Amino acid sequence: MNKLTGILLLSATLMASCSKDFIDRNNPNATTTDNFFTSENSVLLAVNGAYSSLRGSNNIGENSGLYTDERSDDTGTNDNQSNAGEPFQFGNFKILPSNTYLKAHWGSLYATITQCNAVTSNIDKVTFASNDTKLQYLAEAKFIRALIYFHLVRKWGDVPLVTTVLKSTDEIAANTYRQPQAKVYAQIIADLKDALQSNLPNLQSGAGVGRASKAAINGLLGQVYLTMASNFDDNKADNLNNANTYLTAAYNMRPFGKLSEIPYEDVFDVSKKVGNKEMIFQIVYKQGDITYGSSIAANNQALGETINSQKKALGVGGNVTADLILDYEPNDLRKTFSVKYAANTQVQDWFVTKYRDASDAAGVNGYGGNDEPLMRYADIILMLAEVNMLQGNNAAAIQFLDQVRERAKMPLYATAVQDPNYTAKYPSLKLAILHERRVELAFEHQRWFDLLRFFTTDELVTFFKGKSQANFGNAQLSNFSKKDRYFPIPFDEYKLNPDKMYQNPGYE
């Protein structure tokens, strides 16, 4: 990590908590944003720092499932050792505002935003040989900023909105207050639309893989509008139309004909990740590298198993709920690839196998080469099914749904609905699409956001309360209530200004 990145990440974490002590300190040897941005390369280093910040387990990297998947009905902690302490609060729906993992997540997300703000606020100081390069770097910073604000607004609701570098305690105090979701969404859309005006390629390839592209920007814009259509009654029809427009634009940039041309297992095959046609945007990890290698394969592996990694597993691995296992239809190849039952007497439970790297290059330390998919074409296709369904165009919705089912070698929808078991579980096209997203995108940090989008708060409570406790592990479904729609504001943030950083309902 370059020097600027470290300084900005540190300052962002402390700015997010308004640490006056840090602001008042002056290190004469430190590099500041005022004197760092002097060349094209300095801007590139700062943009690279923003990308690098995404990798962390407290950010949105591969091991950040605590804040998404474990919050949903897909994964959890089902062994006696794990069912204690702060991490278990997330899946047990008893999270406290004082939770230090929650605070670390908040701080890391705002650290990334501060990194992006440093770029957008200082880029005009630099003379570029080509204006296209400047627009590219600016677009990348705005794309990442929009992506992170999208995480924040869905997880906390109203959040502080900062788009410039804050240089004094007065500026920090003036900007540390929660702003309405609608205003945050407006900034997300503005950033993404600005990013679309750049000369970024439709899709990245070669050394550019892992960077923003126009397909990724269109895809994120589509998801943002789709989320707004679900969360806000105002302008619902317009939001759905915009969602359809941008998702279709991303879809039309695909480098293949039918999804079935790409075998499901190939999407996650480390040996085939170069030139992966389905990936739109991912966090790249470097096989065999102690610093930049992926650890998700090894972390998910259960005791006594070797399918994921050469690294010897010592625990239960990435636990999967029985609720998800029972949601797979018979003969779904995605189940065979994504999960496995660990028979070891100390485990005897399902664990995640979707991410594998048992190669010699990854070695016994498990420094894998798995990339984390943040957006891929099956996701875009299923969102197109969703938006068409919401617009009343069921025929188009089913065509998109069938693309994903065909690739998985599952019966097409018209055939599936003839099966009473299928229709009993998924009596509507809406629930069929939600089911398909669950089994297709399992462990890709999408499920919790899907549930928030498909259900109102009251419906979400009913949805969780209707599940079987026996299929949910040790986490108590009885704890789920309306408060769980959002995370609590971290206590250290709230106590600085209880009026401007007001707490979410149920956590007071």
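Residues numbered from 1 in each chain as written. Predicted model: local features only at pLDDT ≥ 70, side-chain atom pairs only at ≥ 80, totals over all residues. Heavy atoms only, no water.

A. Quick look at the layout of surface pockets. Estimated volume of the largest pocket: approximately 980 Å³. At the level of elements, helix 5 (86-91) and helix 13 (296-300) are the ones that each hand at least two residues to the lining of the largest pocket. Counting residues per element, the lining of the largest pocket draws most heavily on helix 13, at four residues. Split by residue class, the lining of the largest pocket holds 15 nonpolar, 21 polar and six charged. (1 Å grid on protein atoms, 1.4 Å probe; cavity = no way out; pocket = protein on both sides within 12 Å on 5 of 7 lines; lining within 4 Å. Points joined across faces, edges and corners; volume = space filled by probe spheres on them. Helix = DSSP H or I, 4+ residues; strand = E, 2+ residues; numbered from the N terminus. Nonpolar A, V, L, I, M, F, W, Y, C, P; charged D, E, K, R; others polar.)

B. Representation of the nonpolar core. Core analysis: the largest hydrophobic core is formed by 136 residues, its most contacted members being Ile188 and Ile380. Top element by residues in this core is helix 7 (residues 131-156). It accounts for 14 residues. In this view, Ile188 contacts Ala146, Tyr149, Phe150, Val153 and Val224; residues no more than four positions away in its chain are not counted. In this structure, Ala302, Leu303, Ala342 and Val347 belong to the second largest nonpolar core, which totals five residues. (Core = buried A, V, L, I, M, F, W, Y, C linked by side-chain atoms within 4.5 Å. Buried < 20%, exposed > 50% of the residue type's maximum accessible area, 1.4 Å probe, protein only. Contact = heavy atoms within 4.5 Å.)

C. Spotlight on the packing of helix 7 against helix 9 (residues 181-196). Where helix 7 meets helix 9, the axes come as close as 8 Å, and the angle between the chain directions of the two elements is 155 degrees. Relative to helix 9, helix 7 is oriented roughly antiparallel. The interaxial crossing formed by helix 7 with helix 9 has left-handed handedness. Every residue of helix 9 that contacts helix 7 at Ala139, Lys142, Phe143, Arg145, Ala146, Tyr149, Phe150, Val153 and Arg154 is listed here: Gln181, Val184, Tyr185, Gln187, Ile188, Asp191, Leu192, Asp194 and Ala195. Counted by class, the contact of helix 7 with helix 9 contains 11 nonpolar, two polar and five charged residues. (Axes fitted to C-alpha atoms, helices over the stretch in contact; angles between N-to-C directions. Parallel < 35°, antiparallel > 145°, perpendicular 65-115°, else oblique. Left-handed = near helix turned anticlockwise from the far one by under 90°.)

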